[in-house]
Amino acid sequence: DTAVSQTPKYLVTQMGNDKSIKCEQNLGHDTMYWYKQDSKKFLKIMFSYNNKELIINETVPNRFSPKSPDKAHLNLHINSLELGDSAVYFCASSQDGEKLFFGSGTQLSVL
Amino acid sequence: DQQVKQNSPSLSVQEGRISILNCDYTNSMFDYFLWYKKYPAEGPTFLISISSIKDKNEDGRFTVFLNKSAKHLSLHIVPSQPGDSAVYFCAALMEYNTDKLIFGTGTRLQVFP
């Protein structure tokens, strides 16, 4: 029974397209996150939501728009994809902000 | 500006020996530190943590040491097992910003028989 699940696992698309990544957690946590791991393996926070409310919005281009329909879901929509968006995107959830439970990642490749 | 640094990208250790993974940080406002472990094609999983009021925390084979004056922490795994082979990320938090974990770039540990 997966705690944090994200789909799709792999996403290959052309520049300029719009794509979404979905995330769901069944842990009952109040806070959900999106992290990005780039080619240099830096794992950086992009957004955090607490009970559907945006808490953290790092310096991410506004082509990235998170949406949280309820506290168990946090989706990431990306408009006008660029080559530099290629990365692994991890969804996570937490109750205390310290111990994060991560999904298995979505590898996005923009061609 | 990288506030959490893991200067060793990889480490190879024989099974049964001690593995020591190191982490340095630059921001003195960090007051909580964590280690995460990551297997290929999986997300990181929480391993062990330490508060800045302590200098050591132990959990089974895993011990984390914190040297605040040196802004340095280390993870000791003893004895190392082949199943410990993974990428280990150090992470740090500031009390006033508990939603923002800052990660290092990871150290790949390989434990060989």
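A brief report on the enclosed structure follows. (Residues numbered from 1 in each chain as written. Chains lettered and ligands numbered in written order. Predicted model: local features only at pLDDT ≥ 70, side-chain atom pairs only at ≥ 80, totals over all residues. Heavy atoms only, no water.)

## A short note on the pairing of strand 4 (residues 31-37) of chain A
Consecutive side chains along a regular strand alternate between the two faces of the sheet. Residues and elements named next belong to chain A. Where we set the bar: When a residue's accessible area, from a 1.4 Å probe over protein chains only, is under 20% of the maximum for its type it is buried; when over 50% it is exposed; and in between it is partly exposed. Strands here are runs of E lasting at least two residues and helices are runs of H or I lasting at least four, both read from the DSSP assignment and numbered beginning at the N terminus. One bridge is not enough; two strands pair if DSSP finds at least two bridges between them.
Where burial is concerned, most of strand 4 is hidden: six out of the seven residues are buried. Here strand 4 pairs with strand 5 (residues 43-50) via seven bridges, running antiparallel. Within strand 5, the residue paired with Trp34 across the bridge is Phe47. Hairpin remark: strand 4 followed by strand 5, antiparallel, with five residues in the connecting loop; positive phi at Lys41, about 75°. Where strand 4 meets strand 9 (residues 87-94), seven bridges bridge the pair, whose relative direction is antiparallel. Looking across to strand 9, one finds that Gln37 is bridged to Val88.

## Considering the state of the cysteines
Note the threshold: Whenever a pair of cysteine sulfur atoms sits within 2.5 Å, that pair is classed as a disulfide.
By the definition in use, this model includes two disulfides over all chains. Here Cys23(A) is linked by a disulfide to Cys91(A), with a sulfur-sulfur distance of 1.8 Å. Disulfide Cys23(A)-Cys91(A): torsion about the S-S bond near -75°, hence left-handed. You can see Cys23(A) sitting in strand 3 (residues 19-25) and its partner Cys91(A) sitting in strand 9, a full 68 residues away along the chain. The residues Cys23(A) and Cys91(A) share a single accessibility class, namely buried. Between the sulfur atoms of Cys23(B) and its disulfide mate Cys90(B) the distance is 2.0 Å. Judged by the sign of its S-S torsion, about -75°, the bond between Cys23(B) and Cys90(B) is left-handed. Here Cys90(B) lies in strand 9 (residues 86-94) and Cys23(B) lies in strand 3 (residues 19-25), a separation of 67 residues in the sequence. Comparing Cys23(B) with Cys90(B) shows no difference in burial state: the two are buried.

## Notes on a nonpolar patch on the surface
Formally: Exposure above 30% relative accessible area and the lack of any salt bridge qualify a residue for a patch; like charges then connect within 9 Å, and the nonpolar side chains Val, Leu, Ile, Met, Phe, Trp and Tyr within 5 Å. Per-residue and other accessible areas were derived by the Shrake-Rupley procedure at a 1.4 Å probe size, with only the shown protein chains allowed to occlude residues. Salt bridges are identified by distance alone: a Lys or Arg side-chain nitrogen within 4 Å of an Asp or Glu carboxyl oxygen.
On the surface, a nonpolar cluster with roughly 220 Å² of combined accessible area is contributed by Ile18(B), Ile20(B) and Val78(B). The class of Ile20(B) is partly exposed, set by a relative accessible area of 36%.

## Some thoughts on the pattern of salt bridges
Residue and element names in this part refer to chain A. For the structure shown, the criterion picks out five salt bridges over all chains. One salt bridge in this structure joins Arg63 and Glu82, with 3.5 Å as the shortest N-O distance. Here Arg63, found in the loop between strand 6 (53-57) and strand 7 (64-70), pairs with Glu82, found in the loop between strand 8 (73-78) and strand 9; they are 19 residues apart in sequence, far enough to count as distant. On the basis of relative accessible area, Arg63 is assigned to the buried category, the value being 13%. By sharing partners, the salt bridges in this structure join Arg63, Glu82 and Asp85 into a single network.

## Quick look at the sheet that holds strand 3 of chain A
All names here are of chain A. In plain terms, the rule: Every angle, taken between N-to-C directions, lies between 0 and 180 degrees, and every axis is a line fitted to C-alpha atoms, over only the stretch in contact when it is a helix.
The strand order across the open sheet formed by four strands is 1-3-8-7, and the pairing between neighbours is antiparallel. Each of the sheet's edge strands pairs with one partner strand only, and the pair in question is strand 1 (4-7) and strand 7. Ignoring strand direction, the axes of neighbouring strands in this sheet form an average angle of 15°. With four bridges connecting them, strand 3 and strand 8 associate as antiparallel partners. Counterpart to Glu24 in the pairing with strand 8 is His73.

## Quick look at the sheet that holds strand 3 of chain B
Residue and element names in this part refer to chain B. Across the sheet, which stays open at both edges, the five strands sit in the order 1-3-8-7-6 with antiparallel pairing between neighbours. Each edge of the sheet is formed by a strand with only one pairing partner; in this case those strands are strand 1 (4-5) and strand 6 (56-59). The pairing of strand 6 with strand 7 (residues 62-67) spans four bridges and is classified as antiparallel. Following the sheet pairing, Asn57 is matched in strand 7 by Val64.

## Some remarks on the environment of Val4(B)
All names here are of chain B. So the rule is basically this: It only takes one pair of heavy atoms within 4.5 Å for two residues to be counted as in contact.
Within the secondary structure, Val4 is located in strand 1. Judged by its relative accessible area of 1%, Val4 is buried. Leave out the neighbours within four places in its chain, and Val4 touches Cys23, Asp24, Tyr25, Phe30, Cys90, Ala92, Ile102, Phe103 and Gly104.

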